Amino acid sequence: MIRSVKRSKADAEQTREALIKAALKVFSTKGYTRATLDEIARAAKVTRGAVYHHFTDKADIYRTLLLESSRKSKDLIPAAIAEGGSFLQIIERVFVRQLAQFESDPELRAQALFALRGDYLSIESVRQDIEIRHSATLAQLTKTFAEAQAGGVVRTDLAPRDIARSFIALQNGLVHLSSLPGQPNSISESAAALAKVLLAGIQARD
């Protein structure tokens, strides 16, 4: 009986993961508006009933898909900090490794590109969730750079919020550019160069 329960839970988790992967493929191909639950179910090779067992509706699947990237990268920053070094070295390490993770994980990269399309802006409930997440990320980065300014590491003639926005914009811009025809496929190589540009622009001047 115990084995049966464990197997059922494992099967349920596999079905959920299959639905998330299928949704990523369908949404990326057709966009949120044109995608249907039937198409997602077929792509995952499950019934429509299985979709409703795990998700409330199409918006719920979309929200889950966008939040998956946060779950996958949650351990990256603590690990980068634990390695030690100066503030600027840690910031460079985080910047480069986050982008390297996008490059090495096709699903994570697809999720990032999918999010940059901005389909969620037309879905009120999802838009609110994403805005809260983005605001929290921006607030944390702003606080981090403000503390670095107070410690004399980062130049003080720039607003911490603007530095934080630059960090995010450079990352998002590189992910977007990497998807365009004729652009270099390696995000990691460009990430290292962009990190140096960012650091050169924000470090305290003698």
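See the structure above.
Note that the structure is a prediction, hence the values are computed from the model and not measured.

Visitor: Looking at this structure, how should I read the overall build of the protein chain?
Guide: Looking only at helices and strands, the protein chain has 10 helices and zero strands in total. Listing the helices and strands of the protein chain from first to last along the sequence gives α-α-α-α-α-α-α-α-α-α. C-alpha atoms of the protein chain, sized along the principal axes, occupy 65 × 45 × 30 Å. Evaluated residue by residue, the protein chain yields a buried proportion of 37% over its 206 residues. Considering only contacts within the protein chain whose residues lie at least 6 apart along the sequence, 67% involve residues at least 24 apart. Surface exposure of the protein chain reaches about 11800 Å², of which carbon and sulfur atoms provide 55%. Across the protein chain, 29 positive and 23 negative side-chain charges occur, with their mean positions spaced 4 Å apart.

Visitor: Please explain the side chain of E39 as it appears in this structure.
Guide: As for its position among the elements, E39 is in helix α2 (residues 37-44). Here T36 takes part through its backbone nitrogen, which lies 3.0 Å from a polar atom of the side chain of E39. Not counting residues up to four positions away in its chain, the partners in contact with E39 are V26, K30 and R34.

Visitor: Any chance you could explain the environment of A59 here in plain terms?
Guide: Mapping A59 onto the fold places it in helix α4 (residues 58-73). Using a relative accessible area of 9% as the deciding quantity, one classes A59 as buried. In sequence terms A59 and I123 are 64 residues apart; their C-alpha atoms lie 7.4 Å from each other. Discounting residues that sit within four places of it in the chain, A59 has contacts with Y32, I123 and V126.

Visitor: Help me understand helix α10 (residues 187-202) in this model?
Guide: The periodicity of an α-helix, 3.6 residues per turn, causes residues three or four places apart in sequence to face the same way. Its 16 residues place the ends of α10 22 Å apart at the C-alpha level, agreeing with the 22 Å of an ideal helix rising 1.5 Å per residue. What α10 keeps buried is the set I187, A191, A195, L198, L199 and I202. One side of α10 holds all its buried residues, which, seen down the axis, span an arc of 100°. Relative to its buried face, α10 has exposed residues pointing more than 90 degrees away, namely E189, K196, V197 and A200. Contacts from the buried residues of α10 go to α6 (87-104), α7 (106-116), α8 (124-150) and α9 (160-178).

Quick notes on the rules
- Residues numbered from 1 in each chain as written.
- Predicted model: local features only at pLDDT ≥ 70, side-chain atom pairs only at ≥ 80, totals over all residues.
- Heavy atoms only, no water.
- Helix = DSSP H or I, 4+ residues; strand = E, 2+ residues; numbered from the N terminus.
- Buried < 20%, exposed > 50% of the residue type's maximum accessible area, 1.4 Å probe, protein only.
- Contact = heavy atoms within 4.5 Å.
- Areas by Shrake-Rupley, 256 points an atom, 1.4 Å probe, with all protein chains shown as cover.
- Lys, Arg positive; Asp, Glu negative; His and termini not counted.
- Charge placed at Lys NZ, Arg CZ, Asp CG, Glu CD.
- Polar contact = N/O pair within 3.5 Å; in protein donor to acceptor, adjacent residues only side chain to side chain.
- Expected span 1.5 Å × (residues − 1).
- Arc of directions from axis to C-beta.

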